[in-house]
Amino acid sequence: MSSSKIALLGAIAGFTIYLGLPLGRLRAPLPKLRAMLNAVAIGILLFLLFDVLDHAWAPVDSALGDKPHHVGSAVGYGLLMAAGLGVSLCGLTRFDRWVAKRAARGPGAAAATELAGVPHRNLAARMASLPMLIAIGIGLHNFAEGLAIGSSAAGGEISLALMLIIGFGLHNATEGFGIVAPMAAVGERPSWGYLGVLGLIGGGPTFAGTLVGEQFTSDAVSVAFLSLAAGSILYVVIELLAVARRCGLKELTSYGILLGLVAGFLTDAIVTLGGA
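Parameters at a glance
Residues numbered from 1 in each chain as written. Predicted model: local features only at pLDDT ≥ 70, side-chain atom pairs only at ≥ 80, totals over all residues. Heavy atoms only, no water. Helix = DSSP H or I, 4+ residues; strand = E, 2+ residues; numbered from the N terminus. Expected span 1.5 Å × (residues − 1). Bend = angle between axes of the 7 residues up to and from the residue. Core = buried A, V, L, I, M, F, W, Y, C linked by side-chain atoms within 4.5 Å. Buried < 20%, exposed > 50% of the residue type's maximum accessible area, 1.4 Å probe, protein only. Contact = heavy atoms within 4.5 Å. Phe/Tyr/Trp six-rings, centres within 6.5 Å; stacked < 30°, edge-to-face > 60°. Axes fitted to C-alpha atoms, helices over the stretch in contact; angles between N-to-C directions. Parallel < 35°, antiparallel > 145°, perpendicular 65-115°, else oblique. Left-handed = near helix turned anticlockwise from the far one by under 90°. Nonpolar A, V, L, I, M, F, W, Y, C, P; charged D, E, K, R; others polar. Patch = residues over 30% accessible without salt bridge, like charges linked within 9 Å, V, L, I, M, F, W, Y side chains within 5 Å. Areas by Shrake-Rupley, 256 points an atom, 1.4 Å probe, with all protein chains shown as cover. Salt bridge = Lys/Arg side-chain N within 4 Å of Asp/Glu carboxyl O.

A. Fine view of helix α2 (residues 31–65). The end-to-end C-alpha distance of α2 is 50 Å, a good match for the 51 Å that 35 residues give at a rise of 1.5 Å each. In α2, a bend of some 35 degrees at Ala58 exceeds every other bend along the element, and Pro59, a proline, comes one to four places later.

B. Representation of the nonpolar core. Of all hydrophobic cores here, the largest spans 40 residues; its most connected members are Leu45, Ile179, Ile233, Val236 and Leu240. For this core, the elements supplying multiple residues, two or more each, are α2, α3 (71–104), α4 (120–154), α5 (158–185), α6 (192–215) and α7 (219–247). Element by element, the count of residues in this core is highest for α2, at eleven residues. When neighbours within four sequence positions are excluded, Ile179 is seen to be in contact with Ile17, Leu21, Pro131, Ile134, Ala135, Ile138 and Leu198. By size, the runner-up hydrophobic cluster in this structure holds five residues, among which are Ile6, Ala13, Ala153 and Ile165.

C. Highlighting the packing of aromatic side chains. Using the criterion set out here, one finds five aromatic pairs in the structure. Between the aromatic rings of Phe50 and Phe265, the centroid separation amounts to 5.8 Å while the plane-to-plane angle is 45 degrees, which identifies the pairing as tilted. With Phe50 in helix α2 and Phe265 in helix α8 (residues 250–273), the pair connects residues that are 215 residues apart, well separated along the chain. For Phe50, a relative accessible area of 46% gives the class partly exposed. With 4.5 Å between their ring centres and 35 degrees between their planes, Phe143 and Phe225 make a pair best called tilted. Here Phe225 lies in helix α7 and Phe143 lies in helix α4, a separation of 82 residues in the sequence.

D. Highlighting the side chain of Asn142. Here Asn142 shows up in helix α4. A relative accessible area of 0% places Asn142 in the buried class. In this structure, Asn142 is in contact with Ile17, Asn172, Glu175, Gly202, Gly203, Pro205 and Thr206, ignoring residues within four places of it in sequence.

E. Focus on the packing of α2 against α7. It is the contact of α2 with α7, at a shortest axis distance of 8 Å, that shows an interaxial angle of 155 degrees. Considering the angle they form, α2 stands roughly antiparallel to α7. Seen from above, α2 lies across α7 with left-handed handedness. Among the residues making up the contact of α2 with α7, the classes are represented as 24 nonpolar, three polar and one charged.

F. Here's a closer look at the packing of helix α1 (residues 3–15) against α6. Between α1 and α6, whose axes approach to 8 Å, the crossing angle comes to 155 degrees. Relative to α6, the element α1 is oriented roughly antiparallel. Every pair of crossing elements has a handedness; the one defined by α1 and α6 is right-handed. Across from Ser3, Ile6, Ala7, Gly10, Ala11, Ala13, Gly14 and Phe15 in α1, the residues of α6 making contact are Gly199, Leu200, Gly203, Gly204, Thr206, Phe207, Thr210, Leu211 and Glu214. Looking at the contact of α1 with α6 residue by residue, the class counts come to eight nonpolar, eight polar and one charged.

G. Spotlight on a nonpolar patch on the surface. A contiguous nonpolar patch, built from Phe15, Leu200, Phe207 and Leu211 and spanning about 320 Å² of accessible area, is present on the exposed surface. Residue placement: Phe207 occurs in helix α6.

H. Quick look at the environment of Leu147. With respect to the element layout, Leu147 can be found in helix α4. Placed 71 residues apart in sequence, Leu147 and Ser218 show a C-alpha to C-alpha distance of 8.9 Å. With sequence-adjacent residues up to four places away left out, Leu147 is seen in contact with Gly209, Thr210, Val212, Gly213, Val221 and Ser222.

I. Spotlight on the environment of Thr210. Relative to the helices and strands, Thr210 resides in helix α6. Taking the relative accessible area as the measure of exposure, Thr210 reaches 0% and is therefore buried. As for Thr210 and Phe143, which are separated by 67 residues in sequence, their C-alpha atoms are 7.7 Å apart. Excluding residues within four positions of it along the chain, Thr210 makes contact with Ile6, Ala7, Gly10, Gly146, Leu147, Ile149 and Gly150.

J. Region of the structure containing the environment of Leu89. With respect to the helices and strands, the residue Leu89 is situated in helix α3. Leu89 gets classed as partly exposed once you look at its relative accessible area, which sits at 23%. Sequence separation of Leu89 and Ser232 is 143 residues, and the distance between their C-alpha atoms is 5.6 Å. Ignoring sequence-local partners within four residues, the contact set of Leu89 consists of Gly231, Leu234 and Tyr235.

Structure representation (structure tokens):
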């Protein structure tokens, strides 16, 4: 299969993320539906966090399992992973604090009602920004997936590359829902243009990663992108859990998180069947 066809299929795998994005256009969902949407998004993101960390840790595990042990390589990959997690998680936390301080100085900030220690007006603004953060985190993750597609194709493993494309394509459809669920949870209805931007940020890196992976492969690059993605996903999960607590529907939230986790593992099973 030619490089152009592999690249085209990589683009399709990434842009299936658009299949889940229209759910963000739901009009004023009921409180229970909002809570369920938020909980399912948490479940999907928890699976992604597990999946991303597992792949980021694989080079460390491999280096330690080799005979003789490559301790130096393991330490290097481990430090790179820790640095990526720290930069994304702590960086986003500090950025969120900075945004909150700026919003608190804006007009009408003094009149905002306090809710869980955060002004409601600021909380709504933070929730509106979460989809972009989720899209960025998923984009970093999808770039690493694209690297796997491209490197498999470059190595002549076309059947594996095709199976990865199918699996990642199905998986990205659930990720699209995970991006927009926070907006639906607070009653925000994004424009089609904004959904288009979110899809480009979240899905486009799969295509870019496929192009890069066909020409260049590096465990260090994969670990860097995966750890950055893991930190950003963890930050978003923490934020969504705070929203779930505000809803007060603990049993419904548990069901939704379970549903999201099951959806993540089911779509990932297709990739596993391909031998990845």
